[in-house]
Amino acid sequence: MEEIDYLSVNRANWDERVPIHVASDFYDVAAFRGGAGTIREFELAEVGDVTGRDLVHLQCHFGLDTLSWARRGARVTGLDFSETAMTKARELAEDAGIGARFVAADVYDAAEALGETYDIVYTGIGALVWLPDLTRWARTVASLLRPGGFLYLAEFHPFADILDSETGTTVTYDYFDHGPQVWRFPHTYTGSEVLENDTTVQFQHGIGEVVSAVAAAGLRVEFLREHDHTLYLRFGTLRPDGPRFRQPEGRPAVPLMYSLRASASGGSSPAV
């Protein structure tokens, strides 16, 4: 395969997505402006109280989740490789009267770009597929954590990505195909607006790879939890269950998301 500049290709795609996503019903910025938060219930339970804690959100897009953690009492920093996204995040923070710092940088350069350490590194919800090297990512995470701080990752489960999109019942893709996988989609996931920069480069990471990278970086895995729900209509046969989607009743459940928490040495984080 001809070598492709994944970072430039993906940045162009995500820069173009920002105004589309901000205007979309999917993100519902109007509800956020009205005081709504965007953090999922299982994440709130697994992260715990963030009041007074310093939290950095890696690959934060235009910052709704980041700012939602601020509304929960955290002192927040968001980092994303899209300057377009960071500009919009700063605007949203100012409009909402929320103190927040947003920095445009590649996630692998986060330690140098931020120049600080944190109690919590938060990331996930479709973030890891954009990264070719999880070992380097995990080392970056570890370098950002203070003693006793922790990583919290909530992600779409890689098992779901090997199944067909229509029913989620047939193995269609290779679980071990790390990539790079080059995809072309005319639309983003929020609507029908046609993208000029419609190419993305993605990388598949199995659960074993994620856990091994985190452990090799010196972090202690506190839990790895697999969930039978997801946040969108991943397969055509899924059924809504409040803000989530699950397999229909009577059909065997499969893992659709997972969450992981891992702590840095030198202290202990609160049990959950």
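Residues numbered from 1 in each chain as written. Predicted model: local features only at pLDDT ≥ 70, side-chain atom pairs only at ≥ 80, totals over all residues. Heavy atoms only, no water.

Notes on the packing of aromatic side chains
Item 1. Evaluated as defined, the whole model comprises 13 aromatic pairs.
Item 2. Following the ring pairs from residue to residue traces out a cluster consisting of Trp-14, Phe-26, Tyr-27, Phe-62, Trp-130 and Tyr-189.
Item 3. For Arg-225, the ring lying beneath its charged end belongs to Phe-223, and the centroid distance is 3.9 Å. (Phe/Tyr/Trp six-rings, centres within 6.5 Å; stacked < 30°, edge-to-face > 60°. Lys NZ or Arg CZ within 6 Å of the ring centre and 35° of its normal.)

Quick look at unusual backbone geometry
Item 1. A cis geometry characterises the amide bond from Gly-179 onward to Pro-180, with omega recorded as 10°.
Item 2. Structurally, the position occupied by Pro-180 is in the loop between strand S5 (145-156) and strand S6 (181-184).
Item 3. Residues other than glycine seldom take positive phi values, yet Gln-59 does so here, at roughly 55°.
Item 4. Tracing the backbone through its elements, the reader meets Gln-59 in the loop between strand S1 (54-58) and helix H4 (64-71).
Item 5. Notably, Ile-125 is not glycine yet its phi reads approximately 55°, a positive angle.
Item 6. For Ile-125, the location among the structural elements is in the loop between strand S4 (118-124) and helix H7 (134-144).
Item 7. Assessed through its relative accessible area of 23%, Ile-125 is described here as partly exposed. (Helix = DSSP H or I, 4+ residues; strand = E, 2+ residues; numbered from the N terminus. Buried < 20%, exposed > 50% of the residue type's maximum accessible area, 1.4 Å probe, protein only.)

Some details on helix H5 (residues 83-96)
Item 1. Taking 1.5 Å of rise per residue, the 14 residues of H5 would be expected to cover 20 Å, and the 20 Å separating its terminal C-alpha atoms lies within 8% of that figure.
Item 2. Buried within H5 are the following residues: Ala-85, Met-86, Ala-89, Leu-92 and Ala-93. Viewed along the axis of H5, the buried residues span an arc of 120°, placing them on a single side of the element. For H5, exposure combined with an orientation more than 90 degrees from the buried face picks out Glu-94 and Asp-95. (Expected span 1.5 Å × (residues − 1). Arc of directions from axis to C-beta.)

Some points on the packing of helix H1 (residues 6-22) against H5
Item 1. Between H1 and H5, whose axes approach to 7 Å, the crossing angle comes to 30°. Taken together, the axis directions place H1 and H5 in an arrangement best described as roughly parallel. Contacts between H1 and H5 involve Asp-15, Val-18 and Val-22 on the former and, on the latter, Glu-83, Thr-84, Ala-85 and Lys-88.
Item 2. Its residues assigned to classes, the contact of H1 with H5 shows three nonpolar, one polar and three charged. (Axes fitted to C-alpha atoms, helices over the stretch in contact; angles between N-to-C directions. Parallel < 35°, antiparallel > 145°, perpendicular 65-115°, else oblique. Contact = heavy atoms within 4.5 Å. Nonpolar A, V, L, I, M, F, W, Y, C, P; charged D, E, K, R; others polar.)

With respect to the nonpolar core
Item 1. Grouped together as the largest cluster of nonpolar side chains are 38 residues, with contacts concentrated most on Leu-58 and Trp-137.
Item 2. Those elements that provide at least two residues to this core are H1, S1, helix H6 (110-114), S4, H7, S5, helix H8 (207-216) and strand S11 (257-263).
Item 3. Top element by residues in this core is H7. It accounts for five residues.
Item 4. Discounting chain neighbours no more than four positions away, the residues touching Leu-58 are Leu-79, Val-107, Ala-110, Val-121, Tyr-122, Thr-123, Val-141 and Leu-144.
Item 5. In terms of nonpolar packing, the next biggest core, distinct from the first, is built from 33 residues, Val-18, Ile-39, Ala-70 and Tyr-152 among them. (Core = buried A, V, L, I, M, F, W, Y, C linked by side-chain atoms within 4.5 Å.)

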